[in-house]
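Chain by chain, the residues run as shown.
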Amino acid sequence: MSTEHDLIAYYDREAAAGVRFSMGSRGRRDGLRGAFVDLLVAEGRATLVEVGSGPGTDATVFLDAGIDYAGFDLAVGNSRVAHTRGLRIVPASLFAPPYRPGCFDAGWTMSTLLHVPDNRFEAAMHATVSMLKPGAPLAIGLWGGTDREFTNDTDHFDPPRFFSLRADDRI
């Protein structure tokens with residue numbers, strides 16, 4: 001099983017290669033994000049935290065809607081890329097969030113919690129929810145399928161990433 005250190009190394013290499021900004025449209029994810037933004041605007045939610053923000057690929061959509069955006073990511077490289085784009089993303093672990101409890105109106109986390117092993121999932125959810133105000137909406141994107149934990153040996157960078165997939169009925 002890879003560690004947070006391995007994930008940092010992988011995503012720092014990915015950030016240096018500029019991979020995230022060459023991905024283009026992401027279809028369904030773009031549509032779901034747009035619907036979430038519409039909900040936040042309709043409810044007057046002014047602040048959002050993104051857990052596992054990468055280099056800020058989703059950030060501009062929230063900012064363009066007038067939502068004050070703050071994100072954090074394990075990889076320092078992602079924070080550096082985001083900074084060059086004028087985005088507020090800091091390096092931090094979701095197990096030690098860089099923001100005080102209860103300070104955001106909404107949360108967004110896509111394809112981040114799938115790197116959390118089952119034995120730490122509850123702690124990850126607690127840390128994520130702790131930054132939100134009571135009743136704040138939280139959008140979570142996970143890959144479904146069969147329950148399994150594995151290291152992706154076909155990754156483009158070393159060390160390969162750890163994944164924990166959870167069946168839809170268990171989620």
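The following paragraphs examine the structure supplied in this document.

## Some points on the overall build of the protein chain
Of regular secondary structure, the protein chain possesses five helices and seven strands. Along the protein chain, helices and strands appear, N-terminal first, in the series α-α-β-α-β-α-β-β-α-β-β-β. What you see for the protein chain is a C-alpha radius of gyration of 15 Å, in line with the 16 Å of a compact globule of 171 residues. Each of the three principal axes of the protein chain carries a C-alpha extent, and together these read 45 × 40 × 30 Å. For the protein chain, buried positions account for 44% of its 171 residues. Summarising the internal contacts of the protein chain: among those between residues at least 6 apart in sequence, 65% fall at separations of at least 24. For the protein chain, the computed accessible surface area is about 8,600 Å², with 55% contributed by carbon and sulfur atoms.

## What to know about the pairing of strand E7 (residues 162–165)
Residues Phe162 and Ser164 of E7 are buried on one face, and the alternating residues Phe163 and Leu165, pointing to the opposite face, are buried as well. Note: strand E6 (residues 148–151) against E7, four bridges, orientation antiparallel. Along E7, the bridge assignment pairs Arg148 with Leu165.

## Digging into the packing of helix H1 (residues 4–17) against helix H4 (residues 76–84)
Axes are the key here: two packed helices are described by the angle between their axes and the distance separating the axes. Between H1 and H4, the shortest axis-to-axis distance is 7 Å and the interhelical angle comes to 30°. By the angle between their axes, H1 is roughly parallel relative to H4. Taken together, the residues of H4 that come into contact with H1 (itself represented by Tyr11, Asp12 and Ala15) are Val76, Gly77, Asn78 and Val81.

## Quick word on the nonpolar core
Val49, Phe72, Leu94, Tyr99, Phe104, Leu113 and Met131 are the most contacted members of the largest nonpolar core, which totals 16 residues. Every element with two or more residues in this core is listed here: strand E1 (47–51), strand E2 (68–73) and helix H5 (118–130). Discounting chain neighbours no more than four positions away, the residues touching Leu94 are Val51, Phe72, Thr112, Leu113, Val116, Ala124, Ala127 and Thr128. Core analysis: the next-biggest nonpolar cluster, separate from the first, contains 15 residues, Leu40, Phe62, Ile67 and Met110 among them.

What counts as what
Residues numbered from 1 in each chain as written. Predicted model: local features only at pLDDT ≥ 70, side-chain atom pairs only at ≥ 80, totals over all residues. Heavy atoms only, no water. Helix = DSSP H or I, 4+ residues; strand = E, 2+ residues; numbered from the N terminus. Rg over C-alpha atoms; globule rule 2.2 N^0.38 Å. Buried < 20%, exposed > 50% of the residue type's maximum accessible area, 1.4 Å probe, protein only. Contact = heavy atoms within 4.5 Å. Areas by Shrake-Rupley, 256 points an atom, 1.4 Å probe, with all protein chains shown as cover. Pairing = 2+ DSSP bridges. Axes fitted to C-alpha atoms, helices over the stretch in contact; angles between N-to-C directions. Parallel < 35°, antiparallel > 145°, perpendicular 65-115°, else oblique. Core = buried A, V, L, I, M, F, W, Y, C linked by side-chain atoms within 4.5 Å.

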